[in-house]
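# Per-entry structural report
Below, each chain spelled out in residue letters.
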Amino acid sequence: VVVVVVVVVVVVVVVVVVVVVYGVVSYQSLTSSLFLKAKIKADAQKDVITALPDTWMYAENRIKGLLKREPILLVGELVELFDVDGNLVVATGENIKRWKLERSYPLEDIDHVVGKIVVSTSLSTFYKSVFFVSLIGFALGGLVFIILRLLPVKALQSISQELYDEKERAEATLNSINEAILVSDSEGRLLYFNSFAEKMFGEALIERQGEDFLDLLTFINKNTGNKIRSTLEKALYTKILTGCKGSTVFKVDDTTEIDVEELATPVFDENGVLTGAVLCLRDVTIERETLKRQSWEASHDILTKLVNRSEFERCTEEAIQNAQLSNEKYTVLYMDLDRFKVINDSCGHSAGDDLLKQVTRMMASYIRDTDVFARLGGDEFGVLLEDCDEEKGIEIAETLLEAVKGFQFFWKNKVYTIGLSIGVTVIGNECFTLSEVLGQADSACYWAKDQGRQRICVFRESDIDLAVRRSQTGWVSKINEALKDNRFILYHQQYLHLSGKDDTPLHLEILLRMLSKKGEIISPDQFIPAAERYNLIIDIDRWVIHQVMSDFHRLQKQHNHKKLIISINLSGASINSPKFLTYIKEKITEFNVDPEQLCFEVTETVAVKDIASAIEFITACKRLGVKFALDDFGTGTSSFGYLKQLPIDYLKIDGSFIKNIEYDQIDRAMVESINKIGHIMEKKTIAEYAENQAIINILDDIGVDYAQGYGVCRPKPLLLKDNIQT
């Protein structure tokens, strides 16, 4: 609409100017023409005036004839001759009643004026010509308007509309992003800001529209509190892209601060001259808080708010380095809560969590601010005591021991108490690694639990029992490396079926060995205790199951496709693992193994420790078709009582009753009793430690079903390809 109006105004102005110019020019031309005619006719009268100086005015006919000569009068023109007194002497031409234009020229007689000639014309013709010119001008102007309207103006409107739409889209885009956008000119005057900037700055920004606003850009370094220069100022000064991240804070007012990231971009025209800059402010308050929280969570335990194991290890490693460079001593306390698992299992995990939070708050009150108190996992805790020798460390440990001893936990109208076992080791200028220091403290803690709990044990290099415990910690890395490098190997030992029937399945018990990096065979009694202690036994059990089932069909082919019963020992940790049964099912399906040819063994000690879980696991396996054997039977205090509850297939009589059966009548009577009760319960019996033929003959006389031992078969690799010298 604006464009159309502008075009109309321009056309009208142009037409008016043309008409006015035409009128002025025409008027001046007409005036000049009349003046020239008056002069010529005045000159023509000079002879008459000279000849008749006093009576010339009476020579009317002669004067009138001269007036009619050249230049000839046109239509609408009138020539009049007046004497010096203004009296009309003679006139010729048309009488003009109105709208006339006249011009005069004096009549002179030598040196004085004796009258004048007046030439007049009607202006009606002039007015008509101006009118017609105006009509023609407006007609042409209209034509020009139509042409402009249809061609350039329409294109201009289209361009204008596109520019408007682009402007609207740009503003909508800038207002929709969650970043403050401010545009300034080269002098720092505010030209534009989006809605997010208005929210961030408030009304102060609105008031500075078109004015210098750089003083509103107050930024400080969050770490130092020092004021820093805005990147917008830097961009205007340096004429390069400028950004600022890290710890920048925008100070809105005295009470409000916003964490921001700045990015300022200079703007140049087509000639490279700086015309302004664009400042982008991104609110990163939530992002920095999230990063700060994530950083905290990475180094802290969520439940107790204590430092976690990885952070504790980092601090301990720093302490080891400091101790080696100076005479400063540190003391490490490795603590394990006694009876926590009882409360956690009987009252539920909610009670266990609440107990941990309460007891750690209480313990923290006895630990100095300079020390590091950490939750290492489960119910295990660590304290790194700075600038603390052994004597002071034991004193703090005793304080914690008494505090926990007097702690009472209330849950659902019941009162529970717990204890604390503490292992202590000192970090001096000796060259110990992190794993060695933690291993010392852990071994001392474990020994404190073995000695009756609720006590303190200080690590001594000379203590043989502690040295054994410490050596177990060294097996952790070796076991992990062996699992990673697949450096375990399977052996087996056959059972002898004492009935002598050829149609019975061939029983093979799987035995595990580790290969050192040098290829040496390592017996299980060296690494299994450490694996059980440090929760690596489940990974080992999974490795064995995978290996046996993947090699099952080759093993059957190796034994001429005779029906096999493969016995695999399982740990207590595995049968209590929630996903272990699922793993067994997956491997049976993956390798297409007949589950009736599998037999899992658990020791009597493992089974009776958590009888309910053992029964549940054994029952679930038997539903699949897997058989079960109870190993080391007879060593427990209530063996026969538990035997009735366990749905097993095989009863393995502990070797301690077998190895001296040739000479000890009590051992023989025990074996006879176990064998008889096992048969009454319809369970097959297996005797371990059958080391010679004499023992095998006695077992056959008693009626034991199977014999196992060096007298039957020495351990050998499960597959021929693994035939390594034992």
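In short, a report on the structure. Quantities reported herein were computed from a predicted structural model and do not represent experimental measurements.

## Describing the overall build of the protein
- The number of helices and strands found in the protein is 25 helices and 30 strands.
- For the protein, the C-alpha radius of gyration of 58 Å lies well beyond 27 Å, the compact-globule estimate for 726 residues.
- Expressed along its principal axes, the backbone C-alpha trace of the protein runs to roughly 195 × 65 × 55 Å.
- The buried share of the protein, taken over its 726 residues, is 44%.
- Look at the contacts in the protein between residues 6 or more apart in sequence, and 63% of them connect residues 24 or more apart.
- Taking the average location of the 82 positive side-chain charges in the protein and that of its 105 negative ones, the two points are 5 Å from each other.

## Description of the nonpolar core
- Formed by 73 residues in total, the largest nonpolar core has its most connected members in I479, F488, I540, I566 and L699.
- Looking at this core element by element, the count peaks at 7 residues for helix α17 (residues 537-550).
- The residues touching L699, leaving out its near neighbours within four places in the chain, are L498, I658, I661, V671, A687, A690, V704 and A707.
- Among the nonpolar cores identified, the runner-up in size contains 34 residues, and A351, W411, L420 and V458 belong to it.

## A few points about the state of the cysteines
- Per the counting criterion, the structure on display carries 0 disulfides.
- C599 forms no disulfide, and the closest cysteine sulfur to it belongs to C621, at a distance of 10 Å.
- For C599, a relative accessible area of 1% translates into the label buried.

## Things to note about the sheet that holds strand β19 (residues 456-458)
- Pairing in this open sheet of 5 strands is mixed, and the strands run β14-β15-β13-β18-β19 from one edge to the other. The open sheet is flanked by β14 (372-377) and β19, the only strands paired with a single partner. The mean inter-strand angle of the sheet, taken between neighbouring strand axes irrespective of direction, is 20°.
- Together, β13 (330-338), β18 (419-427) and β19 form the strand contacts of helix α14 (residues 434-450), whose direction differs from that of β18 by roughly 145°.

## Concerning the pattern of salt bridges
- Scanning the model with the defined rule gives 27 salt bridges in all.
- In this structure, the salt-bridge partner of E297 is R293, at a minimum N-O distance of 3.9 Å. In this pair, E297 and R293 both sit in helix α9 (residues 285-299), 4 residues apart, roughly one turn of the helix.
- Residue R293 is classed as partly exposed on the basis of its relative accessible area of 43%.
- Ionic pairing is found between E318 and R314, a salt bridge with its closest N-O pair at 2.7 Å. Pair noted here: E318 and R314 are both in helix α10 (residues 309-325), with a separation of 4 residues, about one helical turn.
- For E318, a relative accessible area of 39% translates into the label partly exposed.
- The exposure class of R314 is partly exposed, given its relative accessible area of 39%.

## Topic: the pairing of strand β28 (residues 684-687)
- Strand direction decides the pairing type here: strand β27 (residues 650-653) and β28, joined by 4 bridges, are parallel. Within β28, the residue paired with L651 across the bridge is T685.
- Chirality of the crossover, the property in question, places the unit of β27, helix α24 (residues 665-680) and β28 among those that are right-handed.
- Across 2 bridges, the pairing between β28 and strand β29 (residues 706-707) is parallel. Its bridge partner being in β29, I686 is matched across the sheet by Y706.

## Some words on the side chain of T331
- If you trace the backbone, T331 turns up in strand β13.
- The exposure class of T331 is buried, given its relative accessible area of 0%.
- A polar contact of 2.8 Å, which involves the side chain of T331, links it to the backbone oxygen of C388.
- Residues in contact with T331, not counting those within four places in the same chain, are V383, L384, L385, C388, D389, E390, G393, V424, T425 and V426.

## With respect to the environment of R103
- Along the polypeptide, R103 turns up in strand β3 (residues 100-109).
- For the pair R103 and A38, spaced 65 residues apart in the sequence, the C-alpha separation amounts to 6.9 Å.
- Residue contacts for R103: discarding those within four places in its chain leaves Y27, T31, L34, F35, A38, I117, V118 and V119.

## A look at unusual backbone geometry
- A positive phi angle, close to 70°, is found at R339, a residue other than glycine.
- Along the chain, the position of R339 falls in the loop between β13 and α11 (340-347).
- Using a relative accessible area of 44% as the deciding quantity, one classes R339 as partly exposed.
- Positioned with a positive phi, Q454 is a non-glycine residue whose angle comes to about 50°.
- Within the element layout of this structure, Q454 appears in the loop between α14 and β19.
- On the accessibility criterion, Q454 (26% relative accessible area) is partly exposed.

The rules behind each value
Residues numbered from 1 in each chain as written. Predicted model: local features only at pLDDT ≥ 70, side-chain atom pairs only at ≥ 80, totals over all residues. Heavy atoms only, no water. Helix = DSSP H or I, 4+ residues; strand = E, 2+ residues; numbered from the N terminus. Rg over C-alpha atoms; globule rule 2.2 N^0.38 Å. Buried < 20%, exposed > 50% of the residue type's maximum accessible area, 1.4 Å probe, protein only. Contact = heavy atoms within 4.5 Å. Lys, Arg positive; Asp, Glu negative; His and termini not counted. Charge placed at Lys NZ, Arg CZ, Asp CG, Glu CD. Core = buried A, V, L, I, M, F, W, Y, C linked by side-chain atoms within 4.5 Å. Disulfide = S-S within 2.5 Å. Pairing = 2+ DSSP bridges. Axes fitted to C-alpha atoms, helices over the stretch in contact; angles between N-to-C directions. Salt bridge = Lys/Arg side-chain N within 4 Å of Asp/Glu carboxyl O. Right-handed = clockwise from strand over helix to strand, strands pointing away. Polar contact = N/O pair within 3.5 Å; in protein donor to acceptor, adjacent residues only side chain to side chain.

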